[in-house]
Protein chains: 2
Amino acid sequence: MPDDDGGAPERRSPRKRADARRNEETLLRAAAAAFVASGVDAPVRDIAAKAGVGVGTIYRHFPTRADLVVAVYRHQVEACVEAGPALLAGNDSPHAALVQWVDHFVDFLVTKHGLAEALRSDDATFQSLHTYFLDRLVPVCADLLDAASAAGEVRSDVEALELMHAVGNLCIGSGRDSRYDARRVVALLLRGLRAGREAA
Amino acid sequence: MPDDDGGAPERRSPRKRADARRNEETLLRAAAAAFVASGVDAPVRDIAAKAGVGVGTIYRHFPTRADLVVAVYRHQVEACVEAGPALLAGNDSPHAALVQWVDHFVDFLVTKHGLAEALRSDDATFQSLHTYFLDRLVPVCADLLDAASAAGEVRSDVEALELMHAVGNLCIGSGRDSRYDARRVVALLLRGLRAGREAA
DNA sequence: TTGATAAGCGGAACAAAGTTCCGTATCGTC
DNA sequence: GACGATACGGAACTTTGTTCCGCTTATCAA
């Protein structure tokens, strides 16, 4: 997780060289652009070329592709994390808060070409991406789910992890086929989550 | 779609050479084994080696990976196609038939390492795999869905194509993480499909 | 049985992408 | 300005997919 510059210069002198910090910035911008243009699988060479650096420089700053992807999307993921408690506080119904939060997450995912796919890939390259998303988002989702469950609004036999996986999966391929809309099927899933007396 | 041998020798003589038919058989077996061992992404070289043929022979018989995958799983997909009408006939409730049919499909998908992923991949290599599955299964699903809808058992605003996409997506990653069970979330989705007077 | 010929085969060769490594250039400091 | 540490660039190597063509072999007619 690259992070070290700007702010208060820490004791000792582990501060990165100026050119390194500059390159990291440049790379982040180039990667973001490449991700929009070609998805999160954009070839390393392309990103390097766009940033005007050698491929070695990418690997030095972001050892795995997941590191780069996380760095690019960190802000938005964190925004999602913060949205959870806010929605819970701003809604009378925890279920409504959950629905809105999930919508927010889906909006984020479907607009990031290839990200949902990467999240579910079993490629080792993306393992830590997967881990990061789950580490940050599952606890938030669990809070929402617990609240809704406590209010008797949703079934209590579904775990946050499972729900997040399901929602992430449903986002795959959204945008490639206009007849498939992730938002619609996610809504269906959440509807199935509603507490119901009716058996299976 | 390789298919031409055995049975009645057709007029003219477009019958394949014996060694070619033999190789096709061998390849199919080798591929099936490789798919089980390493998923449907098993390297072409590995499959060729396992079958004791050159890579050229694979490409001659199965020009794209999708052709090979379809050939390996055709029987099971067709079984799924035939199960549709049978279930509809054998159940009083079309909704129950739909649920059983989807379960059947999910069982098939989750036991084929990497197949669900391949189905959703936007890789051009798998385009025709995607097409084959949809061509065969969507009509069956549509019949079940229509019947259930006509019986007032499910919402009428969901298309078969969308449902199949969703179910396929939900199968991704099942088996990699014991905390995620495709069957469970698919059941949730189908529950959300139930006709309901409750809004939202 | 034996050629002739078309069908089929093998695998070298090429291409695309990821990843590593090290000689060289640059930064920051004394 | 010199020097050590840091960072850079990109050639080289790896893996996997894909193509191509000279060689082999099955088939068939004579």
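Thresholds applied
Per chain, residue numbering runs from 1 following the sequence as it is written. For naming, the first written chain is A and the first written ligand is 1, with later ones following in the order written. Residues qualify for local features only when their pLDDT is at least 70, as the model is predicted, and side-chain atom pairs are given and counted only at 80 or more; totals for whole chains, interfaces and linings, by contrast, use all residues. As a rule here, side-chain values come from all non-hydrogen atoms in the structure, and water together with hydrogens is ignored. Strands here are runs of E lasting at least two residues and helices are runs of H or I lasting at least four, both read from the DSSP assignment and numbered beginning at the N terminus. Partly exposed describes any residue whose relative accessible area lies between the buried limit of under 20% and the exposed limit of over 50%, with all areas from a 1.4 Å probe on protein chains only and scaled to the type maximum. Only heavy atoms matter for contacts: two residues are in contact if any of them lie within 4.5 Å across the pair. For accessible areas, the Shrake-Rupley method is used with a probe of radius 1.4 Å. Any residue's cover is judged against the shown protein chains and nothing else. All tallies of charge rest on Lys and Arg as positive and Asp and Glu as negative; His and the ends of each chain are not included. By convention, the point assigned to a charge is CZ for Arg, NZ for Lys, CD for Glu and CG for Asp. The cutoff for a nearby residue is simple: one of its non-hydrogen atoms must lie within 4 Å of the molecule or strand. Pairing of N or O atoms within 3.5 Å defines a polar contact, subject to two protein rules: one partner must be a possible hydrogen donor and the other a possible acceptor, and residues neighboring in sequence count only if both atoms are side-chain atoms. Each residue gets one label: Ala, Val, Leu, Ile, Met, Phe, Trp, Tyr, Cys and Pro are nonpolar, Asp, Glu, Lys and Arg are charged, and the others, such as Gly, are polar. Copies are brought into register by a least-squares superposition over C-alpha atoms of residues with pLDDT of at least 70 in both. Cysteine sulfur atoms are paired as a disulfide whenever they fall within 2.5 Å. To estimate how far a helix should reach, multiply one less than its number of residues by 1.5 Å. Here, the arc refers to the directions that run from the helix axis to the C-beta atoms. Accessible area that two parts lose when put together, with a 1.4 Å probe and added across both, is what the buried area reports. The term salt bridge refers to a pairing of a side-chain nitrogen on Lys or Arg with a carboxyl oxygen on Asp or Glu at a separation within 4 Å. Segmentation into domains, and thus their bounds, comes from an automatic or database assignment. Any Phe, Tyr or Trp ring, taking Trp's six-membered ring, that has another such ring centre within 6.5 Å forms a pair; planes under 30 degrees apart are called stacked, those over 60 apart edge-to-face, and the others tilted.

Under an unreviewed UniProt entry, the name given to chain A is TetR family transcriptional regulator, and the organism recorded is Mangrovihabitans endophyticus.

### Describing the overall build of chain A
The helix and strand tally for chain A stands at nine helices and zero strands. Secondary structure elements of chain A occur, N-terminal to C-terminal, as α-α-α-α-α-α-α-α-α. For chain A, the spread of C-alpha atoms along the three principal axes comes to 60 × 45 × 25 Å. Within chain A, the fraction of its 200 residues that count as buried is 48%. If you take every contact in chain A between residues at least 6 apart in sequence, the share linking residues at least 24 apart comes to 63%. As displayed, chain A has an accessible area near 9800 Å², and 51% of this comes from carbon and sulfur atoms. Side-chain charges in chain A split into 24 positive and 28 negative, and the spacing between the mean points of these groups amounts to 7 Å.

### A look at the protein's contact with DNA strand C
Around DNA strand C sit 23 residues in total, of which A:Arg45, A:Arg65, B:Arg17, B:Asn23 and B:Thr57 are the nearest. Within 4 Å of the protein, the contacting atoms of DNA strand C are drawn from sugar and phosphate to the extent of 56%. With respect to DNA strand C, the side chain of B:Asn23 contributes an N or O atom lying 2.3 Å from a phosphate oxygen. Between DNA strand C and the protein, one listed contact pairs a phosphate oxygen with a backbone N or O atom of B:Gly54 at 3.0 Å. Here the element with the most residues in the surface near DNA strand C is helix H3 (residues 55–61) of chain B; it accounts for five residues. A class-by-class count of the residues in the surface near DNA strand C yields eight nonpolar, six polar and nine charged.

### Thoughts on the relation of the copies chain B and chain A
After a rotation of 180° and a shift along the axis of 0.0 Å, chain B superposes on chain A with an RMSD of 0.1 Å. The transformation relating the two chain copies, once decomposed into turn and shift, fits a two-fold axis. Residue B:Gly192, judged by its C-alpha, is the member of chain B lying nearest the rotation axis, at 1.8 Å. When the interface residues of chain B are mapped onto chain A, 100% of them again fall at the interface, so both copies present the same face.

### Quick notes on the state of the cysteines
Residue and element names in this part refer to chain A. By the definition in use, this model includes zero disulfides over all chains. Between Cys-141, a cysteine without a disulfide, and Cys-80, which holds the nearest cysteine sulfur, the sulfur-to-sulfur distance is 10 Å. The buried category is assigned to Cys-141, whose relative accessible area is 0%. Left unpaired, Cys-171 is separated from the closest cysteine sulfur, that of Cys-80, by 11 Å.

### Let's talk about helix H1 (residues 18–38) of chain B
Residues and elements named next belong to chain B. Its 21 residues place the ends of H1 30 Å apart at the C-alpha level, agreeing with the 30 Å of an ideal helix rising 1.5 Å per residue. If you check which residues of H1 are buried, you get Ala-20, Glu-24, Leu-27, Ala-30, Ala-31, Ala-34 and Phe-35. End-on, the buried residues of H1 take up no more than an arc of 140°, which puts them together on one face. Looking at H1, the residues exposed on the side facing more than 90 degrees away from the buried face are Arg-22, Arg-29, Val-36 and Ala-37. Where H1 is buried, its residues meet helix H2 (44–51), H3 and helix H4 (65–90). Looking one or two residues beyond H1, the residue adopting positive phi is Gly-39, at roughly 85°.

### Description of the interface of chain B and chain A
Listed as interface residues are 32 residues of chain B and, on the opposing side, 32 residues of chain A. When the area that chain B buries against chain A is broken down by residue, the three leading residues are B:Glu162, B:Leu188 and B:Arg191, summing to 22%. On the surface where chain B and chain A come into contact, there are four salt bridges. When the shortest N-O distance is used, the salt bridge between B:Arg176 and A:Asp122 registers 3.8 Å. Remark: the boundary between chain B and chain A carries 13 residue pairs in polar contact (both at pLDDT 80 or more). Of all the secondary structure elements, the ones that give two or more residues to the side of chain B that touches chain A are helix H8 (160–171) and helix H9 (182–193) of chain B. If you tally residues by element for the side of chain B that touches chain A, the top one is H9(B), at seven residues. Of the residues assigned to the side of chain B that touches chain A, the class counts are 12 nonpolar, seven polar and 13 charged.

### Details of the domain arrangement of chain A
All names here are of chain A. Annotation of chain A at the domain level lists domain 1 (1–63) and domain 2 (72–193). One C-alpha centre belongs to domain 1, the other to domain 2, and the line joining them spans 28 Å. Counting residues at the interface gives nine residues for domain 1, matched by eight residues for domain 2. Here domain 1 meets domain 2 over a buried area of about 700 Å², counting both sides, of which 66% is carbon and sulfur.

### Some thoughts on the packing of aromatic side chains
Tallied over the entire structure, the rule returns 10 aromatic pairs over all chains. Taking 6.2 Å as the distance between ring centres and 35° as the angle between the ring planes, the aromatic pair formed by A:Phe35 and A:Tyr73 counts as tilted. Highlighted residues: A:Phe35 in helix H1 (residues 18–38) and A:Tyr73 in helix H4 (residues 65–90), separated in sequence by 38 residues. A:Tyr73 matches A:Phe35 in its accessibility class, with the two residues each being buried. For the pair B:Trp101 and B:Phe105, a centre-to-centre distance of 6.3 Å together with 10° between the ring planes defines the contact as stacked. Of this pair, B:Trp101 and B:Phe105 both sit in helix H5 (residues 94–110), four residues apart, which is roughly one turn of that helix. Residue B:Trp101 shares its accessibility class with B:Phe105, and that shared class is buried.

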